[in-house]
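# Analysis of the macromolecular model
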Amino acid sequence: TTPIVQSSTFTFRNTRECIEYNEGLYESFEYGRYGNPTTRAAEEKLMALEKTEDALLSSSGMNAVTTMLLALVPEGGHIVTTTDCYRRTRQFVQTVLPKMGVRCTIIDPSDVNMLEHILKTEGASLFFSESPTNPMIRVIDAAAICKLCKKYNTISCIDTTFATAFNFTAADHGADLILHSGTKYLSGHNDVICGALAGRADLVKKVRALHGVLGGTVDPHSAFLLLRGMKTLGLRMEAHNRNALALAKFLETHPKISRVHYPALKQHQDYEVAKKSFGGKLFGGVLSFEIVGNGDPWSRETFEATGRFVDALRIPYIGPSLGGVESLVEQVCIMGYYDQALEIRQRLGINNGFIRYACGIEAAEDLIADVAQALEHA
């Protein structure tokens, strides 16, 4: 077991060691904000998992993405991202970065032609997308996108939190950077908050330098728990994948469900590109689906029917997040978008019957039976 090095300060035996450390001739640590032996062990494990040159842990997934964007997108720069992504990432890109003169162009996750047009005519500092995305579970053509980004000198960063490297190794498709909320599947037990960035050494170096200034440091105990979680990642992801696929197939033909969002289903809009990109692997344990209600997805009746469904579930906990061994469920319009105006939710497709279900590692037949009985109340 990797030791937990709790020290905040690391000392030198003499001034010569200090000088050699600053010149890169003596490998050690100086101050906890700049690095820690336990944290570095977790970073090296992540490098091996993602097949990258370097990795950087931070205090949360949001710290990882915001520090990355601040470090790599210059004043007056241009970001291209996709319509479906975690709300807080979108909030940072659309409300904070513009204060620094950074423009943001948003495209559909499948619109590779539009991306090429933008890169060719306007250029961009960085392309960022999740794959699969949150909460619509869209999948991008990573290989085609990363190829275009290299052609037009644009950094590509893909957030693979929902997939993990067990299902999809973005570096194999040409991604410059891979981002994770390590809180989710990497840690896997709903007891850690951390973020992770892996990728090209030159880019991670720039992010690490700003990270030391901003101070979003993960504590050594969290790094230790992340290491513990990664030891069982493969075993857990097999169960998450299996459960999500079984539940998606059950829901696909249920009369009280209008639509299921999971790329393994042939009716999913990204089915072909997902099958190609993931090479036969699955897409993690998160799926979304929509309750029929009274037939109007924006009605009060559908809202109430969906609430009855959620409240009747016996296995999953009601809450945000995902990736732990326990299943979690949320009615998205009241969990992550309660303060958002109707027109915003309509633009994003977050209707009153929209459910996000994060499968844990329970028995698939138990999850299905539980969902079946809960749908009787919808």
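Now for a description of the structure that goes with this document. (Residues numbered from 1 in each chain as written. Predicted model: local features only at pLDDT ≥ 70, side-chain atom pairs only at ≥ 80, totals over all residues. Heavy atoms only, no water.)

Here helix α2 (residues 37–50) contains 14 residues, and its C-alpha end-to-end distance of 20 Å stays within 8% of the 20 Å for a straight helix at 1.5 Å per residue. In this fold, the buried residues of α2 make contact with β1 (54–58), α7 (164–167), β6 (177–181), β7 (195–199), α8 (201–214) and α9 (220–231). One side-chain oxygen of the residue at the start of α2 lies 2.8 Å from the amide nitrogen of threonine 38, identifying that residue as asparagine 36. Positive backbone phi, approximately 60 degrees, marks lysine 51, located one or two places after α2. (Helix = DSSP H or I, 4+ residues; strand = E, 2+ residues; numbered from the N terminus. Expected span 1.5 Å × (residues − 1). Contact = heavy atoms within 4.5 Å. Polar contact = N/O pair within 3.5 Å; in protein donor to acceptor, adjacent residues only side chain to side chain.)

Quick look at the pairing of strand β2 (residues 78–82) now. Taking burial as the measure, the five residues of β2 include five buried ones, the bulk of the element. Strand direction decides the pairing type here: β2 and strand β3 (residues 103–107), joined by five bridges, are parallel. By the bridge assignment for β3, threonine 82 is matched with isoleucine 107. Between β2 and its parallel partner β3, the chain crosses via helix α4 (residues 87–96), and the hand of that crossover is right-handed. (Buried < 20%, exposed > 50% of the residue type's maximum accessible area, 1.4 Å probe, protein only. Pairing = 2+ DSSP bridges. Right-handed = clockwise from strand over helix to strand, strands pointing away.)

Pairing in this open sheet of seven strands is mixed, and the strands run β1-β7-β6-β5-β4-β2-β3 from one edge to the other. With partners counted over all chains shown, the strands left at the sheet margins are β1 and β3, one partner each. On average, each strand axis in the sheet is tilted by 20 degrees relative to the strand beside it, whichever way the strands run. Examined bridge by bridge, β6 and β7 share five bridges and lie antiparallel to one another. In the sheet register, leucine 177 faces β7, and the bridge partner there is glycine 199. Sitting on the sheet, helix α3 (residues 61–72) is in contact with β1, β2, β4 (126–130), β5 (155–159), β6 and β7, with an inclination near 150 degrees to β6. Relative to the sheet, helix α5 (residues 112–121) contacts β2, β3 and β4, its axis offset from that of β3 by approximately 155 degrees. (Axes fitted to C-alpha atoms, helices over the stretch in contact; angles between N-to-C directions.)

Here we come to the sheet that holds strand β11 (residues 328–331). Strand order in this open sheet of five strands is β8-β9-β12-β11-β10, and the pairing throughout is mixed. Strand pairing shows two members of the sheet lacking a second neighbour, β8 (257–261) and β10 (317–318), which therefore form its edges. Where strand β9 (residues 286–291) lies against strand β12 (residues 354–358), five bridges are found, and the strand directions are antiparallel. By the bridge assignment for β12, glutamate 290 is matched with phenylalanine 354. Of the strands in this sheet, β8, β9 and β12 touch helix α10 (residues 233–252), which is tilted by about 15 degrees from β9.

Inspection of the secondary structure assignment puts serine 58 in strand β1. Classification of serine 58 as buried rests on a relative accessible area of 2%. Setting aside chain neighbours within four positions, we find serine 58 in contact with Asn63, Ala64, Cys194, Gly195, His211, Gly216 and Val218.

In this structure, the largest pocket encloses a volume near 720 Å³. Of all elements in the fold, only α1 (15–22), α2, β1 and α8 reach the threshold of two or more residues within the lining of the largest pocket. Looking at the lining of the largest pocket element by element, the count peaks at four residues for α8. The residue makeup of the lining of the largest pocket, split by class, is nine nonpolar, nine polar and eight charged. Put simply, the second largest pocket is a space of about 610 Å³. What lines the second largest pocket is a set of 30 residues, and nearest its centre among them are Tyr86, Arg87, Asn134, Lys184 and Arg356. Listing elements by their share of the lining of the second largest pocket, those giving two or more residues are α3, α4, β6 and α13 (332–335). For the lining of the second largest pocket, the per-class residue count stands at 14 nonpolar, nine polar and seven charged. (1 Å grid on protein atoms, 1.4 Å probe; cavity = no way out; pocket = protein on both sides within 12 Å on 5 of 7 lines; lining within 4 Å. Points joined across faces, edges and corners; volume = space filled by probe spheres on them. Nonpolar A, V, L, I, M, F, W, Y, C, P; charged D, E, K, R; others polar.)

With that settled, consider the pairing of β5. β5 sits mainly inside the fold: five of its five residues count as buried. Covered by surrounding structure in β5 are Ile155, Cys157 and Asp159 together with Ser156 and Ile158, the residues of both alternating faces. Where β4 lies against β5, five bridges are found, and the strand directions are parallel. Within the sheet, the bridge partner assigned to leucine 126 lies in β5 and is isoleucine 155. Taken together, β4, helix α6 (residues 142–151) and β5 form a β-α-β motif whose crossover is right-handed. The sheet contact formed by β5 and β6 spans three bridges and is parallel. Residue pairing across strands places isoleucine 158 opposite isoleucine 178, the latter belonging to β6.

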